[in-house]
There are 2 protein chains.
Amino acid sequence: MTSKLAVTAYAQLEELFGKVQALGDAEGMLHWDLATMMPKGGAEARAEQLAVLATVRHSMLAAPETGEWLAAADGDDTLDAWRAANLREMRRKWTHATALSENQVERLSRATSACEAAWRDARADDDFPTVLPKLETVLSLVRETAEAKAQALSLSPYDALLDAYEPDGRAQDIDRVFGELEAFLPDFLGQVLERQAQQAAIVAPEGPFPIDSQRALAVRLMGMLGFDFDHGRLDVSLHPFCGGVPDDVRITTRYDEGHFASALMGVLHETGHALYERGLPPAWRRQPVGEARGMALHESQSLLMEMQVCRSRDFVVLLAPMAKETFGGEGPAWESDNLYRFYTRVEPGFIRVDADEVTYPAHVILRYRLERALIAGDLEVRDLPAAWNEGMERLLGLKPPTDRLGCLQDIHWYDGAWGYFPTYTLGALAAAQIFEAARNGDAAIVSGIADGDFAPLLAWLRREIHGKASQLSTSELLVAATGSPLATDSFKRHLQQRYLG
Amino acid sequence: MTSKLAVTAYAQLEELFGKVQALGDAEGMLHWDLATMMPKGGAEARAEQLAVLATVRHSMLAAPETGEWLAAADGDDTLDAWRAANLREMRRKWTHATALSENQVERLSRATSACEAAWRDARADDDFPTVLPKLETVLSLVRETAEAKAQALSLSPYDALLDAYEPDGRAQDIDRVFGELEAFLPDFLGQVLERQAQQAAIVAPEGPFPIDSQRALAVRLMGMLGFDFDHGRLDVSLHPFCGGVPDDVRITTRYDEGHFASALMGVLHETGHALYERGLPPAWRRQPVGEARGMALHESQSLLMEMQVCRSRDFVVLLAPMAKETFGGEGPAWESDNLYRFYTRVEPGFIRVDADEVTYPAHVILRYRLERALIAGDLEVRDLPAAWNEGMERLLGLKPPTDRLGCLQDIHWYDGAWGYFPTYTLGALAAAQIFEAARNGDAAIVSGIADGDFAPLLAWLRREIHGKASQLSTSELLVAATGSPLATDSFKRHLQQRYLG
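Residues numbered from 1 in each chain as written. Chains lettered and ligands numbered in written order. Predicted model: local features only at pLDDT ≥ 70, side-chain atom pairs only at ≥ 80, totals over all residues. Heavy atoms only, no water.

A. Structural context of the interface of chain A and chain B. Taken together, the contact pairs 34 residues of chain A with 34 residues of chain B. The largest contributions to the chain A side of the interface with chain B come from Met37(A), Pro39(A) and Gln49(A), which together make up 17% of the buried area. At the boundary of chain A with chain B, the tally comes to seven salt bridges. Of the charged contacts in the structure, one is a salt bridge between Arg250(A) and Asp33(B), with a shortest N-O distance of 2.8 Å. On the surface where chain A and chain B come into contact, there are eight residue pairs in polar contact (both at pLDDT 80 or more). (Contact = heavy atoms within 4.5 Å. Buried area = accessible area lost by both parts, 1.4 Å probe. Salt bridge = Lys/Arg side-chain N within 4 Å of Asp/Glu carboxyl O. Polar contact = N/O pair within 3.5 Å; in protein donor to acceptor, adjacent residues only side chain to side chain.)

B. Local environment of the domain arrangement of chain A. Residue and element names in this part refer to chain A. Entries for chain A in the domain assignment read domain 1 (2-156) and domain 2 (211-348 + 430-483). On a C-alpha basis, the centroid separation for the pair domain 1 and domain 2 is 28 Å. Each side of the interface is counted separately: domain 1 has 25 residues, and domain 2 has 27 residues. Surface buried jointly by domain 1 and domain 2 totals about 2,200 Å² across both partners, of which 62% is contributed by carbon and sulfur atoms. If you sort the residues of domain 1 by the area they bury against domain 2, Met-29, Trp-32 and Trp-82 come out on top, with a joint share of 33%. Inspection of the region where domain 1 meets domain 2 yields two salt bridges. Put simply, domain 1 and domain 2 have seven residue pairs in polar contact (both at pLDDT 80 or more) between them. Every element with two or more residues in the side of domain 1 that touches domain 2 is listed here: helix H1 (2-36), helix H4 (81-98) and helix H5 (102-125). No other element matches H1, which puts 11 residues into the side of domain 1 that touches domain 2. Looking at the side of domain 1 that touches domain 2 residue by residue, the class counts come to 12 nonpolar, four polar and nine charged. (Domains from an automatic or database assignment. Helix = DSSP H or I, 4+ residues; strand = E, 2+ residues; numbered from the N terminus. Nonpolar A, V, L, I, M, F, W, Y, C, P; charged D, E, K, R; others polar.)

C. Spatial organisation of the nonpolar core. By size, the foremost hydrophobic cluster in this structure holds 129 residues, and its most contacted members are Phe128(B), Phe315(B) and Trp418(B). Contact partners of Phe315(B), with chain neighbours within four places excluded, come to Leu221(B), Leu268(B), Val309(B), Cys310(B), Ile449(B) and Phe454(B). Counting 128 residues, the second largest nonpolar core, distinct from the first, contains Leu189(A), Ala218(A), Leu234(A) and Leu408(A). (Core = buried A, V, L, I, M, F, W, Y, C linked by side-chain atoms within 4.5 Å. Buried < 20%, exposed > 50% of the residue type's maximum accessible area, 1.4 Å probe, protein only.)

D. A look at the side chain of His269(A). Residue and element names in this part refer to chain A. Mapped onto the elements of the fold, His-269 is located in helix H10 (residues 261-278). For His-269, a relative accessible area of 11% translates into the label buried. A polar contact is formed between the side chain of His-269 and the side chain of Glu-299, at a distance of 3.3 Å. Excluding anything up to four places from it in sequence, His-269 contacts Glu-299, Ser-302, Leu-303 and Glu-306.

E. A look at the relation of the copies chain A and chain B. The two copies are related by a screw operation: chain A maps onto chain B through 180° of rotation and 0.0 Å of translation along the axis, at an RMSD of 0.0 Å. A rotation of that kind, with that shift, is consistent with a two-fold axis. A shared binding surface is used by both copies, with 100% of the interface residues of chain A retained as interface residues in chain B. (Least-squares fit on C-alpha atoms with pLDDT ≥ 70 in both.)

F. Main features of the packing of aromatic side chains. A complete count under the given rule lists 42 aromatic pairs over all chains for this structure. Between Tyr165(A) and Tyr420(A), the aromatic rings sit 5.1 Å apart at their centres with planes inclined by 70°, giving edge-to-face as the arrangement. Placement of Tyr165(A) in helix H7 (residues 157-165) and of Tyr420(A) in the loop between helix H15 (384-396) and helix H16 (422-441) is noted, with a sequence separation of 255 residues between them. Residue class for Tyr420(A) comes out buried when judged on its relative accessible area of 15%. Linked through ring pairs, Tyr165(A), Tyr360(A), Trp388(A), Trp413(A), Trp418(A), Tyr420(A), Phe421(A) and Tyr424(A) together constitute an aromatic cluster. The ring of Phe421(A) carries the charged tip of Arg367(A) above its face, separated from the ring centre by 5.5 Å. Positioned above the aromatic ring of Tyr158(B), the side-chain terminus of Arg372(B) is 5.5 Å from the ring centre. (Phe/Tyr/Trp six-rings, centres within 6.5 Å; stacked < 30°, edge-to-face > 60°. Lys NZ or Arg CZ within 6 Å of the ring centre and 35° of its normal.)

G. Spatial organisation of helix H10 (residues 261-278) of chain B. For H10(B), built from 18 residues, the straight-helix expectation of 26 Å at 1.5 Å per residue is met to within 8% by its first-to-last C-alpha distance of 25 Å. By the criterion of burial, H10(B) is predominantly enclosed, with 16 of the 18 residues buried. (Expected span 1.5 Å × (residues − 1).)

H. Fine view of the sheet that holds strand E3 (residues 248-253) of chain A. Residues and elements named next belong to chain A. Here three strands make up an open sheet; going across it, the order is E1-E3-E2 and the pairing mixed. Strand pairing shows two members of the sheet lacking a second neighbour, strand E1 (232-236) and strand E2 (242-245), which therefore form its edges. The sheet shows a mean angle of 20° between the axes of neighbouring strands, direction not considered. Along the sheet, H10 makes contact with E1, E2 and E3, crossing E3 at roughly 160°. (Pairing = 2+ DSSP bridges. Axes fitted to C-alpha atoms, helices over the stretch in contact; angles between N-to-C directions.)

I. A look at the sheet that holds strand E3 (residues 248-253) of chain B. Residue and element names in this part refer to chain B. Here we have three strands laid out as an open sheet, ordered E1-E3-E2, and mixed in their pairing. Of all strands in the sheet, those with a lone pairing partner are strand E1 (232-236) and strand E2 (242-245), marking the two edges. The mean angle between the axes of side-by-side strands here comes to 20°, regardless of whether they run parallel or antiparallel. Relative to E3, E1 runs parallel, the two sharing five bridges. Along E3, the bridge assignment pairs Val-236 with Thr-253. Running at roughly 160° to E3, H10 makes contact with E1, E2 and E3 of the sheet.

J. View of the environment of Arg341(A). Residue and element names in this part refer to chain A. Note on placement: Arg-341 falls in helix H13 (residues 336-343). Considering only alpha carbons, one finds Arg-341 and Gln-199, 142 residues apart in sequence, at a separation of 9.7 Å. Residues within four places of Arg-341 in sequence aside, it is in contact with Gln-199, Ala-200, Ala-201 and Ile-202.

K. Layout of unusual backbone geometry. In this model, Gly207(A) is joined to Pro208(A) through a cis peptide bond whose omega is 0°. Summarising the element assignment, Pro208(A) is placed in the loop between helix H8 (171-198) and helix H9 (211-225). In this model, Ala469(B) sits at a positive phi of 45°, which is unusual for a non-glycine residue. Assignment of secondary structure puts Ala469(B) in the loop between helix H18 (455-464) and helix H19 (474-482).

L. Broad picture of the environment of Leu70(B). Residues and elements named next belong to chain B. In this structure, Leu-70 sits in helix H3 (residues 64-74). With a relative accessible area of 1%, Leu-70 lands in the buried category. Along the backbone, Leu-70 and Arg-91 are 21 residues apart, and their C-alpha atoms lie at a distance of 7.0 Å. Those residues in contact with Leu-70, other than ones at most four positions away along the chain, are Leu-13, Leu-87, Met-90, Arg-91 and Trp-94.

M. Quick peek at the confidence of the model for chain A. Per-residue confidence for chain A gives a mean pLDDT of 96; residues scoring 70 or more make up 99%. The complex prediction reports pTM at 0.93, with the ipTM value standing at 0.93. (pLDDT = per-residue confidence, 0-100.)

N. Structural detail: the packing of H10(B) against helix H11 (residues 295-310) of chain B. Residues and elements named next belong to chain B. In the contact formed by H10 and H11, the axes pass within 8 Å of each other and the chain directions differ by 135°. In terms of axis orientation, H10 runs oblique to H11. In terms of crossing hand, the pair formed by H10 and H11 is right-handed. Two secondary-structure elements touch here, H10 through Met-265, Leu-268, His-269, Gly-272, His-273, Leu-275, Tyr-276 and Glu-277 and H11 through Leu-297, His-298, Glu-299, Gln-301, Ser-302, Leu-303, Met-305, Glu-306 and Cys-310. (Parallel < 35°, antiparallel > 145°, perpendicular 65-115°, else oblique. Left-handed = near helix turned anticlockwise from the far one by under 90°.)

O. Representation of the side chain of Ser237(B) in the model. By secondary structure assignment, the location of Ser237(B) is in the loop between E1 and E2. Sequence-distant contacts of Ser237(B), that is, excluding residues within four places in its chain, are made with Ala35(B), Thr36(B), Thr252(B), Thr253(B) and Arg254(B).

P. The pairing of E3(A), seen in detail. Residue and element names in this part refer to chain A. Among the six residues that make up E3, six are buried, leaving the element largely enclosed by the rest of the structure. Here E3 shows two buried faces, one formed by Asp-248, Arg-250 and Thr-252 and the other by Val-249, Ile-251 and Thr-253. Where E2 meets E3, four bridges bridge the pair, whose relative direction is antiparallel. Within the sheet, the bridge partner assigned to Val-245 lies in E3 and is Asp-248.

Here it is in C-alpha cells:
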C-alpha cells in the first residue's frame, strides 16, 4: 500500500514539475524576445507577463500538496536511479521556492525587469547614477532572498544564492580554487607577456567585415560543431547569451564591423552552451533531473568549445582559409600562424567578455569579491564604481576610465543574477579538465578537430556530460568523466602548454 | 456594507483578470514567435508551453471565487460606466471559460498546435490527406466546445463559437447582410468586369522588387499612417497577421520578389489592426473592457486603412512617386492613374487574402457556409476539398486546380478558429460605414490623406472607435460613431463610386 501511494505521489510530482517547467520555458522564450526582438516600448507589458508567470510558477510549486507528495514519495524504494535523482532535484527546487513568499517573487521579478531596462540605457549613456536607485532596490530584495533561502537551506546567505546557479556549490570551495589561481596567475601572466613581447608583432586582420559575412561564417562553423538549425537560431543582442529550450535553443551574439574575432568566438562559445542543452536526455524533458547540472558545468561546455577547441592551433589552421575566403582577406594577417597568435593573444583589458583566458579569472575574482561584500552589507551600491575601479587596478593594473568599461558592462547584477559570476571560472577549470579526459579517452577527437570532424568530440560529450543531465552532482559527474573532482591542475597545464609550451 | 463588499469583489476581479490577461499576452507573444521565428523542431515544446498556459489561465478564471466575486459585484451600483462595462465583459469571459473543463481546454490547445504544424507542411506540399486526421480531431473538439458553450450561453452551437470572436454576433444577422450582398454583388461584378474590359490595359510594374526595398517602403508608409516602431515591429510569416499586445504590436507580411503590391497592401492592412490595438485606452490595459470590441470592428480598422484609404485615388497619387523612386521604376506602369487602376483591379481569383474588395465577400460566404455545415455535421471533413471547389465554381466561376489554392490556403480552421470568417465581411461593411462617417465628420481627413497627413483621420478613429475599447457593444459603438447599426448601404455606395463612378 505504502509503495503504491508513494508511486502515485511521485507521478503527481512529475506532472506538476512538467507544468511548472513549461511555464519556465515560456518565461525563457519571453526573456529571449526581450533581449533580441522587443521594441523599447514593450518593456512594461513584458515585465507584467514575466511577473505573473513567476508568481504563478511559484504558487504552483509552493502549493500544500507539493510538500505532501514529496514526503510521500520519499519513502518510495521502487524508484530507479533517474527517478530518485529527479525526486532529489524536485525537493531542491521546492525548498528554494518555498523559502520565498509569492509577494517576494513578484517584487523581485518586477524590480529586476525595471532595473534591467534602466541598465540598457545607463550602459549606452555611461550613466551609473540613473540606474543606481533601481540597483539598490534589486540588491535589497536579493539580500532578503538570500536571508530567507539561507534559513531554508541551512547555508550562508551567499551560498544560498550560489546554490540556485551551482547546486551544492559553496564559497569555501571557491575560495580555495580561486586562491590557487591567484597564487599562480600573476607570475604566469608576467611570463606570457614577456614572451609575447619577444615574438614578431601580430598583424590584425583589417576590416571592415560586413555583418552578413560574419554571420555566414558563424553559421557555417556552428553547423560544423553540430548545431542543428532545425532546433535553434542565431540572433543579435546587446549581451550574448544562450536561451530557449533544449529543442529550440536560441543563441545570440553582437557584431562589430571593425572586428570579426569577438563575435565569431562569442558564437562558438554560445554554441558550446547550445550543444549541452540540445544533448540533454529527451526522456526527461521539463523534469528537474533532465536539466543541465549547473552553471559551472554549462560554462565548461561553452569554454571547452571556445577556449579549448576553437582557439587551438588545429582549429585555427582549419579556420584561417575559411575566414580569408569569407572576408576576401589578403596578406600575412591571414596566415594561420599569425591568426593563431591573434586568437591567443594575452592582454589585460577592461571587458570581461573580451578577455583572454589568462586574465579572465581576475575579472571573475573581482566580481565575486564585490558581490560578496555587497550582499554582506560591507559595500554600498553607491560606492561600487570606485570599488570596482580600485579592484581592477589592483588585479590587472588597469583603471577603467568610464563605468561603461567598469561596473556597467555586465547585465548580471542588474538582472538579479547574484552568486552567478564564480561559475565562469569554475567552468574554465572544468573545461580544461574535461577536454583533457576526452583527448585521453578517444584519440579520434583531436585528429577529428584538425579534419573539421567534430562528431567524435560531440559523441564523447553527449555520453559523459550532456546525457547525464542532473542525475549526478557536479562533483560526481566530474569524477565519473575525468577521474577526479574539480581542480586547477588541468587548467594550469593547459595554460602552460598553450602560452609557454 | 453591501456596497463595500461589492467594491472589494470588483477590485479582486480586476486583479484576477489583470493576471489572466498577462498570461494571455504571454501566449500571444509565443504565438507570434511560433509564426515568425521558431525553428520547425521547436513545435512540440511550444505546444506544451501553450497548452499549460491555456489550462492555467482557464483554471484561474474557473476558480470558485470568480463566480462568487461576480455575484457579489453584480449588486454594486457604485461602479461607473467603464467599471460596469468591465464587469459585464468579465462575466462574458467567465461564462465562455467555465463552459469548458480544464481537460477540454488542454485537449483543444494540443490538437490545434499539432494541426497547425501539420497544416504548414500540408500547404507547402499541397497534401490535404496528411492533415485530414488532425483536422478531424480539431473539428470534433470544436463541436464539443460549441455544444458546451451553446448550453452555457443559451445560443446555437455556431453562435456560441461566433460570440467568442464577435460578442453578440448572431448567424441570423449575418445571413441577412450576406443575403443583401448576394443579391447585389453578382450583377455588380459583371458590370465592373465589363467596364474594366473597355478601359486601356493595365500595365503591371515589372520586378524584381528586392525584399529590402519592399520592406523600406512599407516601413515608411507605416510611419506615415501613425505606426510607432518604439511600440511594435514588422516581420515575416507564412500567413500575415497582427499579434502582440497594445504596447508592443507585432505585425507580419510575406514578400514576393515578383510583386510588390500584395505585401505592401498587406502591411497597410495589418497597420490598421495595429493602430486599433495601439489606440486602446492605457488606463484599461489587461482588463476585459480595455480590449478591442470584436473581430468585425478589428477588421473594419484594417480594411478602412487598406481598402478605403490606401487604395483610394488620393493615396495612390501620393504613393506612385514613392514606389517609383524605391524600385527605380520607369515608364507608364508607374503613372498614378495606371497604378490606381492596378490597385483597384477586380478579378475573381482563388486566394482570399489576395482578393479585391468586390469578390472578397464570396470567399467569406463560401467559408461561412462550409464551417456551418461542418459544425452541424452536415459535411464531413474528408469531403471538404470537393465541397470547397464546388462552392468556388458556383460563387466565382473558378474551380481550384489544387487544395493549396483551395481549402488549404487559410490557417483558421487548422488553428481552431471556427466562427471567425464572417467577421472579415462584417468588417468590410463597417469600414465603409465608418469611413463615410469620418469623412462627413471632419473635412480635414480627406485633404489630409492627399497631403500625406493622416493625423486628422487617426484622431477621429482614436476618439470614435479605438479609445472606446469594449465599453459599448459593436452595435452601440457603430450607432454612436456613424448614426446607424451595421448595414450594407455605405459599402454598396463605396463600390458604386469607386468602380462605376
